[in-house]
Amino acid sequence: MNFIPIPLIIWLIEDLLYLIIFPGLVTILVLVIIIIWLERKIAAKVQMRFGPLWVSKKIGGALQSLADLLRYSFQEAIIPEKADKLAFILAPGLMFAFATIALIFIPVGPYYSALFPSYYTILFSVALIIITPIFAIIVGWASDNKFSFIGALREGFLLISYEVPFLLSVVSMIVIFRTYNYISAVQSQLNFLPGIILNPLAALTMLIVMIRTTGRFPFDITEADSELVLGLFTEYSALFFGVGMATPYVELYNFSLIFSLLFLGGWWPLNVNVMNPLYGLFLPGLVVVIKAFIVMAILVFLRAVYPRYRLDQAVRSGWSYVLLLSVLSVILSIVEVKFLR
Amino acid sequence: MSEKIFNIDDLQNINVEGEKYIILQIGPSHPGSGHMRIKVWLDGDIIVKVDPDIGFVHRTSEWLSERREWIKAIPIVERIMLPDTVHANLAYVLAVEKLLGIEPPPRAQYLRSLVAEINRITSHLYGIGIFGIFLGSSTVYMWAFGDREPFIDLMEMLTGARITTSYIIPGGVRWDIPNGFKERAETVLQYMERRLKDYEDIWVKNPVVQARTINVGVLKKEDAISLGVVGPNLRASGVYYDTRKHQPYAAYPNLDFEVPTMKNGDAYDRLLIRVEEIKQSIRMIRQILKDLPEGKIIADQIYNQLNPVMKKNYEEKKRVMFPAFMIHMRPPPGEATAKVEAGRGEIFFYIKSTGDKYPYRFRWVTPSFRNLPFFTHVAVGHRLADLPTIYGSIDYFPPEADR
């Protein structure tokens with residue numbers, strides 16, 4: 001059996017492991033279930049109530065989200081008569097798919113990444129993340145519902161307003177690390193300081209954009225229930241709705257991974273140099289995912305504190321404060337690169 | 001904040017037909033509408049015209065009350081104003097007492113004010129909670145509804161029922177104050193004072209809330225008067241008018257309290273005024289419990305109608321059982337009106353008796369109905385997202401308006 005290239009098999013197994021088990025689909029599913037549960041439990045704690053309780057009572061209702069997912073799976077999928085059926089059915093799936101595919105280009109360890117170790121991983125992942133909201137607009141348009149349509153318009157406005165700051169904050173980190181590659185970016189943080197200390201402005205911009213893009217409070221504008229029923233997903237039911245509901249959490253996961261790689265030092269405090277299956281492959285990934293989880297937990301906590309902004313206020317602050325902040329972060333990066341190094 | 005770009009005169013003439021405007025039917029089955037339909041014409045994101053369509057929960061309370069004995073109208077009017085039952089009860093009973101010519105004893109007057117003020121706090125908390133969920137803050141919604149509970153428990157301790165108490169009857173009240181009520185009330189009031197600080201931290205001083213509410217839904221003083229707005233919404237526009245001060249009833253002439261007013265008349269002021277009124281109510285409850293006079297809780301005319309068993313019951317349990325007089329009550333012919341400052345504003349009652357077993361004419365106007373002009377007048381020129389802000393800030397309760 002000499003003709004089977006052993007490295008190729010290892011490479012394939014590693015890829016499948018990456019995409020399906022960790023940090024891919026299974027991890028995403030588990031983390032989304034945990035984060036939804038945590039969000040509801042934190043909010044319940046603040047709001048003097050119990051939160052999810054009855055499904056799996058012994059572990060505090062942790063399986064409630066799984067039960068909801070099961071319920072969505074067996075619910076009748078209602079497609080409105082006047083809906084654009086193809087777009088109506090495909091758009092939530094594509095939205096979820098593109099949110100998940102971005103993970104290919106986000107490595108969670110120095111020797112552990114999917115597909116090929118590209119040099120331009122930061123650019124690819126950012127590009128894929130930016131595609132996702134376009135499908136949200138298609139979702140809103142396809143349902144032929146005024147509330148969904150208004151939700152889609154709002155999504156479009158916000159998408160445009162917060163894309164530039166997001167890109168600029170990423171650019172400022174690219175400037176500071178002088179690389180387009182997550183692994184090199186983390187390595188340079190391990191050698192010097194984490195990105196959040198090097199450029200706190202970029203970190204702040206990134207956090208704001210994360211809150212906005214994933215629809216956390218106070219930017220829960222596209223699905224403002226007191227105005228738009230459920231915004232984009234007003235007409236959706238069954239698994240389509242479940243997928244649509246899970247997508248922002250997947251986006252949140254991707255953003256948090258990027259945030260922990262670019263700003264929180266990636267797999268710091270581990271400095272991995274050996275290619276050991278446990279130490280080299282999984283442990284750094286675990287550190288990154290735990291960091292990302294903490295970031296997610298902080299962001300979902302905002303629900304308990306803030307109500308939502310109005311659309312025009314959010315758009316205005318996107319084009320003024322947040323844009324200014326991101327431009328300043330780029331300037332800060334250039335100054336640091338010129339004078340400090 | 002968006003400037004008003006239309007005034008009420010333009011609204012009458014504007015042509016809302018054609019394809020330029022998006023017409024949104026918000027309600028009657030919509031999370032942000034309550035039991036009503038709000039038809040909104042949108043020019044982009046700007047509201048051009050608002051048409052509130054009420055009547056979905058009309059329950060013919062007047063018709064029902066005209067076909068029942070006088071005493072049986074009390075549960076009916078209570079069920080119309082669910083967050084604010086005591087005031088509906090009190091207003092009706094005040095009108096009937098004017099017809100009957102009965103004056104309740106001082107202790108009953110104080111107990112009426114006591115339960116009315118407890119009810120005012122629960123009503124304002126209800127309004128603050130609904131405002132919270134309309135702006136997207138589930139925390140304030142849960143807090144306000146949770147903090148209603150201690151006060152509702154107080155009402156239960158005093159009256160035997162949580163919401164629909166039917167506590168006030170012609171001639172007095174039904175129960176005397178139970179043992180341990182004063183201590184329990186003091187605990188609850190101290191708890192609420194602590195909680196009001198929390199509300200200030202997370203809600204009143206929240207930058208997002210201030211950005212959403214300041215200069216939104218401004219109702220000027222002159223407009224508020226000419227549109228006939230009542231209650232906290234009127235006082236938020238800077239008008240010093242409160243039925244408790246201007247036409248006092250129950251124990252209010254003897255109580256020392258202030259009527260808070262605001263200047264701007266925007267949604268933020270309407271939020272603040274409810275917080276201030278809760279503080280005043282707490283102050284009044286303390287005074288009432290301190291100064292509560294001794295004596296009977298029912299007028300002598302009614303007391304003399306009680307049979308020996310009922311009298312024994314009254315002496316032992318401090319509980320008024322209904323004498324036969326109550327169900328066979330036939331007030332002398334005449335008309336009577338009554339006004340009461342309820343949680344959302346002024347209730348007005350007009351009752352006409354022909355000396356019959358049933359009221360000849362039973363007419364009442366509820367505060368929410370009188371606050372209806374807010375939708376057509378104030379929302380125009382704002383953005384769609386401001387509609388829930390305005391709706392939440394006026395504390396509108398559709399079943400109360402529909403009656």
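Please read these numbers as outputs of a predicted model, since none were measured by experiment.

An account of the sheet that holds strand β8 (residues 361-365) of chain B is needed here, citing residue identities and associated values.
Residue and element names in this part refer to chain B. Ordered by their spatial adjacency, three strands build an open sheet running β6-β7-β8, and the pairing between neighbours is antiparallel. The outermost strands of the open sheet, each flanked by one partner alone, are β6 (334-342) and β8. Across this sheet, the average inter-strand angle for adjacent strands is 10 degrees, counted without regard to direction. Sheet topology note: the strand β7 (residues 345-353)/β8 ladder contains five bridges and is antiparallel. Pairing of Tyr350 across the sheet is with Arg363, part of β8.

Talk me through the interface of chain B and chain A; I want residue IDs and the actual numbers.
Counting residues at the interface gives 27 residues for chain B, matched by 24 residues for chain A. When residues of the side of chain B that touches chain A are traced back to their parent elements, those giving at least two are β1 (22-26), α5 (106-134), α6 (138-159), α8 (207-213) and α18 (386-393) of chain B. The biggest single contributor to the side of chain B that touches chain A is α6 of chain B, with five residues. Across the side of chain B that touches chain A, the residue classes break down as 16 nonpolar, eight polar and three charged.

Please set out the confidence of the model for chain B residue by residue, giving values where relevant.
Residue and element names in this part refer to chain B. Taken residue by residue, chain B gives an average pLDDT of 86. The fraction at 70 or more is 95%. Taken as a whole, residues 1-6 scores under 50 in pLDDT and shows 11 contacts with residues more than four places along the chain or in a different chain. For this predicted complex, the interface confidence reaches an ipTM of 0.84, while the overall pTM sits at 0.88.

Which residues make up the packing of α5 of chain B against α6 of chain B, and what values go with them?
Residues and elements named next belong to chain B. Where α5 meets α6, the axes come as close as 8 Å, and the angle between the chain directions of the two elements is 165 degrees. In this view, α5 runs roughly antiparallel relative to α6, as classed from their interaxial angle. The element α5 and its partner α6 pack so that their crossing is left-handed. For the contact of α5 with α6, the class distribution of residues is 16 nonpolar, six polar and two charged.

Describe the domain arrangement of chain B, naming the residues involved and giving the relevant values.
Residues and elements named next belong to chain B. Its domain assignment divides chain B into domain 1 (8-53) and domain 2 (61-402). Computed over C-alpha atoms only, the centres of domain 1 and domain 2 are separated by 32 Å. Listed as interface residues are 16 residues of domain 1 and, on the opposing side, 15 residues of domain 2. Listed by contribution, the elements that provide at least two residues to the side of domain 1 that touches domain 2 are α1 (8-13), β2 (37-43) and β3 (46-53). Considering every element that reaches the side of domain 1 that touches domain 2, the biggest residue donor is β3, with six residues.

With reference to specific residues and values, describe the environment of Ser65 of chain A.
Residue and element names in this part refer to chain A. Along the chain, Ser65 falls in helix α3 (residues 64-74). Given 25 C-beta atoms within a 10 Å radius, Ser65 is considered buried. Measuring from C-alpha to C-alpha, the distance between Ser65 and Ile34 comes to 8.1 Å, with 31 residues separating the pair along the chain. Beyond its immediate sequence surroundings of up to four residues, Ser65 is in contact with Ile33, Ile36 and Trp37.

Can you break down the sheet that holds β1 of chain B residue by residue, with the values?
Residues and elements named next belong to chain B. If you trace the three strands from one edge of the open sheet to the other, you get β1-β2-β3, paired in antiparallel fashion. The outermost strands of the open sheet, each flanked by one partner alone, are β1 and β3. Looking at each pair of strands side by side, their axes are set apart by 20 degrees on average, direction ignored. The pairing of β1 with β2 spans five bridges and is antiparallel. Within β2, the residue paired with Ile26 across the bridge is Ile38.

If you had to explain the pairing of β2 of chain B to someone new, which residues and values would you point to?
All names here are of chain B. Pairing of β2 with β3, which is carried by seven bridges, proceeds in the antiparallel orientation. Across the sheet, residue Val40 finds its bridge partner in β3, namely Val50. Count of turn residues in the β2/β3 antiparallel hairpin: two residues, of which Gly44 carries a positive phi of about 70 degrees.

Now, about helix α9 (residues 200-213) of chain A: what can you tell me, with residues and values included?
All names here are of chain A. An ideal rise of 1.5 Å per residue puts 20 Å on 14 residues; α9 measures up with 20 Å between its terminal C-alpha atoms. Counting buried residues in α9 gives 10 out of 14 residues, a clear majority hidden from the surface. Taken as a whole, α9 has its buried residues at Ala202, Ala203, Thr205, Met206, Ile208, Val209, Met210, Ile211, Arg212 and Thr213. At the exit of α9 stands Gly215, carrying a positive phi of roughly 70 degrees.

Can you tell me about the packing of α5 of chain B against α18 of chain B, naming the residues and giving the values?
All names here are of chain B. Close contact between α5 and α18 brings their axes to 8 Å; oriented N to C, the two are set at 175 degrees. In terms of axis orientation, α5 runs roughly antiparallel to α18. Residues Ile130, Phe131 and Phe134 of α5 form the contact with α18, whose participating residues are Pro388, Thr389, Tyr391, Gly392 and Ser393. The residue inventory of the contact of α5 with α18, partitioned by class, reads five nonpolar, three polar and no charged.

Got a sec to walk through the nonpolar core? Specific residues and values, please.
The tendency in soluble globular proteins is for nonpolar side chains to be buried side by side. Residues and elements named next belong to chain B. Formed by 202 residues in total, the largest nonpolar core has its most connected members in Ala91 and Tyr92. At 15 residues, α5 tops the list of elements feeding residues into this core. The residue makeup of this core includes at least three contributed by each of domain 1 (8-53) and domain 2 (61-402). Setting aside chain neighbours within four positions, we find Ala91 in contact with Ala338, Val340, Ile347 and Phe349.

Definitions and cut-offs
Residues numbered from 1 in each chain as written. Chains lettered and ligands numbered in written order. Predicted model: local features only at pLDDT ≥ 70, side-chain atom pairs only at ≥ 80, totals over all residues. Pairing = 2+ DSSP bridges. Helix = DSSP H or I, 4+ residues; strand = E, 2+ residues; numbered from the N terminus. Axes fitted to C-alpha atoms, helices over the stretch in contact; angles between N-to-C directions. Contact = placed C-beta atoms within 7 Å. Nonpolar A, V, L, I, M, F, W, Y, C, P; charged D, E, K, R; others polar. pLDDT = per-residue confidence, 0-100. Parallel < 35°, antiparallel > 145°, perpendicular 65-115°, else oblique. Left-handed = near helix turned anticlockwise from the far one by under 90°. Domains from an automatic or database assignment. Buried ≥ 20, exposed ≤ 12 C-beta atoms within 10 Å, placed from the backbone. Expected span 1.5 Å × (residues − 1). Core = buried A, V, L, I, M, F, W, Y, C linked by C-beta atoms within 7 Å.

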